[in-house]
Amino acid sequence: MTHNHISFIGCEHPYNDARIVLFGAPFDGTVSFRPGTRFAPSVIRQDSFGLETYSPYLDKDLKDANVHDAGDIDVVFGNTRKTLDRIRDKAKDIVTSNKIPFLIGGEHLVTLGAIEALSERFPNLKVLHFDAHTDLRDSYEDEKLSHATVMRRVYELLGDKSIYQFGIRSGLKEEFLFAKNHLTIEPFTLNTVGDVVKNLNANPIYISLDLDVLDPSTMMGTGTPEPGGVTFKELTHALYQLKGLNIVGCDVVELSPHYDTSGVSTAVAAKLIRELLMIL
């Protein structure tokens with residue numbers, strides 16, 4: 001179920017005509033430090049009207065991108081699995097309609113629900129994961145479902161060498177070892193994105209962008225800020241290299257807007273969503 005809502009700027013196309021369907025999952029039930037990501041989808045939509053629909057970087061306009069904003073799903077606070085099931089079902093409906101799901105979180109665990117749906121449709125799915133954190137713990141405080149374990153659960157769905165991590169600079173030693181053995185990881189920077197893209201060919205691709213990959217000087221509005229991150233220009237340069245890939249799904253997660261009362265973090269998130277929509 002979705003609610004009445006303000007649409008993200010330029011994303012008012014009818015569902016049947018849309019190629020991309022935007023939807024929100026305002027859930028932060030497993031955050032390990034500071035909560036608040038549940039507010040991100042609504043605040044991002046509201047602040048998106050500070051943007052133009054035209055991207056001079058890509059020479060494209062959202063009005064021409066055929067995007068439908070379906071609003072937010074009803075999350076179930078207190079029942080993480082049921083929330084993930086609702087995300088999965090929504091993503092599955094979108095994919096079954098031959099459209100691309102674009103998920104706005106919420107915390108990073110919401111990614112799992114979307115990938116559960118997409119992995120059924122695309123058995124050879126690959127994930128490009130931009131983040132400060134490995135998110136590869138097998139459990140966090142004895143919980144298997146956590147934003148600290150999301151990529152471990154995704155790995156269990158997709159298998160070895162299906163996840164490519166960029167910008168990672170925080171995690172347990174065991175997580176980094178697991179990543180080196182089972183994933184493809186570039187710690188600290190995004191310099192290998194272009195090389196990875198060349199080797200992906202026609203593989204179906206899911207993009208998961210945790211906003212804390214950015215340095216806190218750019219993205220202070222997040223629950224787990226991690227110094228030493230990339231700049232906005234470095235991130236967009238990497239994302240623009242994804243043009244032409246067979247992207248079948250995408251998410252942007254982990255904005256906690258109220259930790260940055262200036263609104264800059266929300267503006268950064270909205271602009272990245274605009275650019276990603278046009279890359280798709």
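These numbers were taken from a predicted model, which means no experiment stands behind them.

Engineer: Go over the packing of aromatic side chains with me, naming the residues and quoting the values.
Structural biologist: Evaluated as defined, the whole model comprises 4 aromatic pairs. On the basis of an interplanar angle of 25 degrees and a centroid distance of 5.2 Å, the ring pair of F130 and F166 is categorised as stacked. Residue F130 is located in strand β6 (residues 126-130), and its partner F166 is located in strand β7 (residues 163-168); the two are separated by 36 residues in the primary sequence. For the pair F130 and F166, a shared accessibility class is recorded, and that class is buried. Geometrically, the ring pair formed by Y155 and F178 is edge-to-face, given 5.0 Å between the ring centres and 85 degrees between the ring planes. With Y155 in helix α4 (residues 150-158) and F178 in helix α5 (residues 173-182), this residue pair connects regions lying 23 residues apart in the sequence.

Engineer: Can you explain the layout of surface pockets? Please cite residues and give values.
Structural biologist: Estimated volume of the largest pocket: approximately 240 Å³. Around the largest pocket, the lining is made up of 17 residues, and of these S32, H133, D135, R137 and A148 lie nearest the centre.

Engineer: Before we move on, can you summarise the packing of helix α2 (residues 80-96) against helix α3 (residues 110-121) with the specific residues and values?
Structural biologist: Where α2 contacts α3, the two axes come as close as 7 Å, and the packing angle between them is 40 degrees. Overall, the two elements α2 and α3 adopt an arrangement that is oblique. Note that α2 runs across α3; the crossing there is right-handed. Within the contact between the two elements, α2 uses R81, L84, I87, R88, A91, K92, V95 and T96 and α3 uses V110, L112, G113, A114, E116, A117, L118, E120 and R121. The residue inventory of the contact of α2 with α3, partitioned by class, reads 9 nonpolar, 2 polar and 6 charged.

Engineer: Could you give an account of the sheet that holds strand β1 (residues 20-25), with specific residues and numbers?
Structural biologist: Read across the sheet, 8 strands follow the order β4-β1-β5-β10-β9-β6-β7-β8 without closing on themselves; strand pairing throughout is parallel. Lying at the two open borders of the sheet, with one neighbouring strand each, are β4 (67-72) and β8 (184-187). Ignoring strand direction, the axes of neighbouring strands in this sheet form an average angle of 15 degrees. Examined bridge by bridge, β6 and strand β9 (residues 204-210) share 5 bridges and lie parallel to one another. By the bridge assignment for β9, H129 is matched with S208.

Engineer: Give a description of the pairing of β7 that names residues and reports values.
Structural biologist: With 6 of its 6 residues buried, β7 lies for the most part within the structure. As defined by bridge partners, β6 adjoins β7 across 4 bridges and the pair is classed as parallel. Following the sheet pairing, L128 is matched in β7 by Y164. In this structure, β7 lies alongside β8, joined through 4 bridges in parallel fashion. Its bridge partner lying in β8, Q165 is registered against I185. What joins β7 to β8 is α5, and the crossover it makes is right-handed.

What counts and how
Residues numbered from 1 in each chain as written. Predicted model: local features only at pLDDT ≥ 70, side-chain atom pairs only at ≥ 80, totals over all residues. Heavy atoms only, no water. Phe/Tyr/Trp six-rings, centres within 6.5 Å; stacked < 30°, edge-to-face > 60°. Helix = DSSP H or I, 4+ residues; strand = E, 2+ residues; numbered from the N terminus. Buried < 20%, exposed > 50% of the residue type's maximum accessible area, 1.4 Å probe, protein only. 1 Å grid on protein atoms, 1.4 Å probe; cavity = no way out; pocket = protein on both sides within 12 Å on 5 of 7 lines; lining within 4 Å. Points joined across faces, edges and corners; volume = space filled by probe spheres on them. Axes fitted to C-alpha atoms, helices over the stretch in contact; angles between N-to-C directions. Parallel < 35°, antiparallel > 145°, perpendicular 65-115°, else oblique. Left-handed = near helix turned anticlockwise from the far one by under 90°. Contact = heavy atoms within 4.5 Å. Nonpolar A, V, L, I, M, F, W, Y, C, P; charged D, E, K, R; others polar. Pairing = 2+ DSSP bridges. Right-handed = clockwise from strand over helix to strand, strands pointing away.

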